[in-house]
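A closer look at the structure
Given next are the chains, with one letter for each unit.
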Amino acid sequence: MARPFIYIHMLTSLDGKIWGEFTKLPEESAAAPLFKEIGFTNEVWKTDANLSGTNTALNDYTYHREPELDLNAVEVPQGDYIAVEKAERYSFVLDRKGILGFEKNEIFYANVHSHIVDVITEKASNAYKDFLRRKKISYIICGKDDVDFEIMFEKMTGLFGVKTLQLAGGGSLNWTFLRKGYVDEVSYIITAGADGSTTSPQIFMAKEGLSEDIPVSFELIDVRADKKSGAVWLHYKVKKIWEKEEWIKKYGKGPKDFVAADNETNGGK
């Protein structure tokens, strides 16, 4: 399978959230320049594209707008649609059924123009594909009922020449890609703030039917403290993705008993 080099780059709260009340804090705003500097200036990676999940697109790109559909639209040509070739950057968005109400065909963020490529399946209607064509938004069809990531990678590299892909959440997408072994590195900026929410999405979230809460371990590449904002940048490469059977055989399921482990290590002292 041909796939690009993939890294996760996120801005989080001190308690690991990627969305929520903490985003209104001045500390979050103060950390944003560091996030942009590392992820959008080619300082660390020469990035061709980013990929976001449906929920991230709903919250950050379309603000839950409904697409303007023409239910009587003429049948569009079969296959993929490439509206813009050789864009400054591409922004791929997972949109299995075709529900996102984009207003423009690009996302302008951190002084970078990213042309939108909607990643749909055969479930997307003709009316929705007509909507994307009217908006000059590219789309690729990657699977029948669910997005086939391997088909998506093939089309990213083959049709758009993507060599380096930034994964931009949400938490379920991040963890699913990690568990599948697609992610090479993880980078995130921790802001000096938290909100304690138990419902806000986190940087990594297992989702039933997609991924499991079996651990992944990492090796530190770099760390940087930004004294001005109070933020910290952590940069890791993926070290080991534990298989479920291997993990349970070695460690069982359930959290570590720290008291028992300490007594075992120190001979009960």
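Provided above is the structure to which this section pertains.
Before going into details, it helps to say that this report is about the structure given with it. (Residues numbered from 1 in each chain as written. Predicted model: local features only at pLDDT ≥ 70, side-chain atom pairs only at ≥ 80, totals over all residues. Heavy atoms only, no water.)

On a plain count of helices and strands, the protein comes out with seven helices and 10 strands. Over its C-alpha atoms the protein spans a radius of gyration of 20 Å, differing by no more than 12% from the 18 Å that the globule rule assigns to 269 residues. Oriented by its inertia axes, the alpha-carbon framework of the protein measures out at about 80 × 45 × 30 Å. Relative to its 269 residues, the protein shows a buried fraction of 46%. For the protein, the computed accessible surface area is about 14500 Å², with 49% contributed by carbon and sulfur atoms. In the protein, 35 positive and 41 negative side-chain charges are present, and the distance between their average locations comes to 2 Å. (Helix = DSSP H or I, 4+ residues; strand = E, 2+ residues; numbered from the N terminus. Rg over C-alpha atoms; globule rule 2.2 N^0.38 Å. Buried < 20%, exposed > 50% of the residue type's maximum accessible area, 1.4 Å probe, protein only. Areas by Shrake-Rupley, 256 points an atom, 1.4 Å probe, with all protein chains shown as cover. Lys, Arg positive; Asp, Glu negative; His and termini not counted. Charge placed at Lys NZ, Arg CZ, Asp CG, Glu CD.)

Attention now goes to the side chain of Ser-229. Residue position: Ser-229 is located in the loop between strand S9 (216-226) and strand S10 (231-241). For Ser-229, a relative accessible area of 8% corresponds to the buried category. In this structure the side chain of Ser-229 is engaged in a polar contact, spanning 2.7 Å, whose partner is the side chain of Asp-226. A polar atom in the side chain of Ser-229 sits 3.2 Å from the backbone nitrogen of Ala-231. Discounting chain neighbours no more than four positions away, the residues touching Ser-229 are Ala-30, Ala-31 and Ala-192. (Polar contact = N/O pair within 3.5 Å; in protein donor to acceptor, adjacent residues only side chain to side chain. Contact = heavy atoms within 4.5 Å.)

Now for the pairing of strand S2 (residues 49-52). Neither face of S2 is exposed, since Ala-49 and Leu-51 on one face and Asn-50 and Ser-52 on the opposite face are all buried. Relative to strand S3 (residues 89-94), S2 runs parallel, the two sharing four bridges. Across the sheet, residue Ala-49 finds its bridge partner in S3, namely Tyr-90. For the segment spanning S2, helix H2 (residues 54-62) and S3, crossover handedness is right-handed. Pairing analysis gives three bridges linking S2 to strand S7 (residues 164-167), with the strands arranged parallel. The residue of S7 that forms the bridge with Asn-50 is Gln-166. (Pairing = 2+ DSSP bridges. Right-handed = clockwise from strand over helix to strand, strands pointing away.)

This part covers the pattern of salt bridges. Across all of its chains, the model carries 14 salt bridges by this definition. Asp-145 is paired through a salt bridge with Lys-123; the nearest N and O atoms lie 3.6 Å apart. Here Lys-123 lies in the loop between strand S5 (112-120) and helix H3 (126-134) and Asp-145 lies in the loop between strand S6 (138-141) and helix H4 (149-160), a separation of 22 residues in the sequence. Among the ionic pairs, Glu-212 bridges to Lys-244, the shortest N-O distance being 2.9 Å. Of this pair, Glu-212 sits in the loop between strand S8 (185-190) and S9 while Lys-244 is found in helix H6 (residues 244-251), placing the two residues 32 residues apart along the sequence. Residue classification places Lys-244 among the partly exposed positions, given a relative accessible area of 33%. Via salt bridges that share partners, Glu-37, Glu-43 and Arg-224 belong to a single interconnected network. (Salt bridge = Lys/Arg side-chain N within 4 Å of Asp/Glu carboxyl O.)

A few words on the nonpolar core. One finds Leu-51, Phe-92, Met-152, Phe-153, Phe-177 and Val-183 to be the most contacted residues of the largest nonpolar core, which totals 35 residues. For this core, the leading source of residues is H4, giving five residues. Within the second largest apolar cluster, 18 residues are counted, among which are Leu-100, Phe-102, Ile-107 and Tyr-139. (Core = buried A, V, L, I, M, F, W, Y, C linked by side-chain atoms within 4.5 Å.)

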